[in-house]
Amino acid sequence: MTDAENGHEPTTTLRMPGRGSGRRPRTVLVLGGGGMRGTAHVGVLRAMRTLGIQYDAIVGTSIGSLVGAMAAAGREIEEMEEILASVQKEDYFQLNLVKLLLKGTRAPSMYRGETFQQRLGEILPDVGFADLNVPFFCNAVRLENGGNVFFGTPGFDEVPLTDAVYASCSLPGVFEPYQKDGFHYMDGGIVDAVPLRFAKTLGADLVIAVDLSVKSTSKTPDYKSRVLSTMYRAFEIVEEVLVEHSLHMHVDYETVLIQPKVGHLSRFDFTDTADIVRRGEEEALRVLTSHAATRDLVPTTIIEGLTCPAQPRDFVSIHLDPARCIGCGMCEMVCETDAYWARAERATVRKLANYECTRDHACARNCPTDAIRLGNL
């Protein structure tokens, strides 16, 4: 049976007439990885519902794949929040004691993947990709060759939804890899935590992407010199750098980037779900009502609780403290939009209002003396 006979559009393309036709832009929603910080995705979905901004496909990575799968399957936003609020660490992270005792370092993971899969089966419907309300895709890494695959695309759309989400969420060393046809698959965030490049191949007029990888530059991460802490922190550093490069290459005027203020939270912080949802909702409302690509999509009717018109967020303000700057040149090296000049004893800010900024925070994150502060993010 063809996609048309199933009532679904082909998953290889989502093209439709663009904005010039008078129709709303074809929109792809990208939900990035970030552990329990991904609860903020629920707040973003709530904000989009409030503003009446619709999406035509969802692309999810890691926790973004779980929230995205629930949304694509038709779960109500309040139900999703309730489900995530009930999640407890011990429900998902049960030590692989028997295998650890018998195999030691040869054990496939620290925690039992079957426990995680069972919980996913309780949350997600027992359906395939063709049964979802909107097209949905989630990525995972094939360990044998390091390739990035997207479940939901041709050749990878016969996998049960629960298995695909498990593969996308399986952190290395934490849960066993998902096995299919002799290959092993793990967390897609290893190589692409905010898959903008794939979203654009779907023929979108507009991409709304939620990035949870940005850490607070004003607070040192809570790092402890332990095996698991070192492994998690190393994974997060790699994730931040890869996201930085992805934003450099793929953020443009048709990409709306939402970065909820959740950088102070650890990947496995299971407390205060309601606050994380609120942070996601507030940031999404602020960005969607002010970004040039979406502010005209917001209805002109007054929405209770919102202040409109909002301040445009098309630019990032840049502040450099000359007393702290040591002229190392890192800011000029990592900024892809030429905001800095560092060929002298002290760096100089060339663009106090950088309209082309990709909002990856690379300059502030890499400044060794914390001399850089960014505003209007």
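The coordinates are above.
Let me begin by describing the structure that accompanies this report.

Calculation rules
- Residues numbered from 1 in each chain as written.
- Predicted model: local features only at pLDDT ≥ 70, side-chain atom pairs only at ≥ 80, totals over all residues.
- Heavy atoms only, no water.
- Salt bridge = Lys/Arg side-chain N within 4 Å of Asp/Glu carboxyl O.
- Helix = DSSP H or I, 4+ residues; strand = E, 2+ residues; numbered from the N terminus.
- Buried < 20%, exposed > 50% of the residue type's maximum accessible area, 1.4 Å probe, protein only.
- Pairing = 2+ DSSP bridges.
- Phe/Tyr/Trp six-rings, centres within 6.5 Å; stacked < 30°, edge-to-face > 60°.
- Axes fitted to C-alpha atoms, helices over the stretch in contact; angles between N-to-C directions.
- Parallel < 35°, antiparallel > 145°, perpendicular 65-115°, else oblique.
- Contact = heavy atoms within 4.5 Å.
- Nonpolar A, V, L, I, M, F, W, Y, C, P; charged D, E, K, R; others polar.

### Quick word on the pattern of salt bridges
- Applying the stated criterion to the full structure yields 19 salt bridges.
- Here Arg343 and Glu332 are joined by a salt bridge, their closest N and O atoms 2.7 Å apart. Highlighted residues: Arg343 in the loop between β10 (340-341) and β11 (348-349) and Glu332 in helix α12 (residues 330-334), separated in sequence by eleven residues.
- Among the charged side chains, a network of salt bridges with common partners joins Asp275, Arg278, Arg279 and Glu282.

### Observations concerning the pairing of strand β8 (residues 255-258)
- Taking every second residue as pointing to the same face, both faces of β8 are buried, with Thr255 and Leu257 on one and Val256 and Ile258 on the other.
- Two strands pair when backbone bridges link them, and strand β7 (residues 206-210) and β8 are joined in this way by four bridges, in the parallel orientation. Note that in β8 the partner of Ala209 across the bridge is Leu257.

### Considering the packing of aromatic side chains
- Throughout the structure, instances matching the rule amount to eight aromatic pairs.
- An angle of 75 degrees between the planes, with centres 6.3 Å apart, marks the rings of Phe151 and Tyr178 as edge-to-face. Pair noted here: Phe151 is in strand β4 (residues 147-151) and Tyr178 is in strand β5 (residues 178-180), with a separation of 27 residues, a long-range link. For the pair shown, Phe151 and Tyr178 are each scored as buried.

### Let's talk about the packing of helix α3 (residues 63-72) against helix α8 (residues 161-169)
- Packing of α3 against α8 brings their axes to within 7 Å, and their N-to-C directions diverge by 155 degrees. With respect to α8, the element α3 is oriented roughly antiparallel. When α3 is examined against α8, the residues Ile63, Ser65, Leu66 and Ala69 are found in contact with a partner set consisting of Leu161, Val165, Ser168 and Cys169.
- Classifying every residue of the contact of α3 with α8 by side-chain character gives six nonpolar, two polar and no charged.

### Looking at the environment of Arg286
- Relative to the helices and strands, Arg286 is located in helix α11 (residues 273-288).
- As for Arg286 and Ile258, which are separated by 28 residues in sequence, their C-alpha atoms are 9.1 Å apart.

### A closer look at the pairing of strand β1 (residues 27-31)
- Burial analysis of β1 places five of its five residues in the buried class, the great majority of the element.
- Neither face of β1 is left uncovered, since the one carrying Thr27, Leu29 and Leu31 and the one carrying Val28 and Val30 both have all their residues buried.
- As paired elements, β1 and β7 share five bridges and run parallel to each other. When the bridges of β7 are listed, Thr27 appears paired with Leu206.
- Where β1 and strand β2 (residues 57-60) come together, four bridges link them in parallel fashion. Among the inter-strand pairings, Leu31 is bridged to a residue of β2, identified as Gly60.

### With respect to the sheet that holds strand β13 (residues 372-375)
- In space, the three strands of this open sheet follow the order β12-β9-β13, with antiparallel pairing throughout. Of all strands in the sheet, those with a lone pairing partner are β12 (353-354) and β13, marking the two edges.

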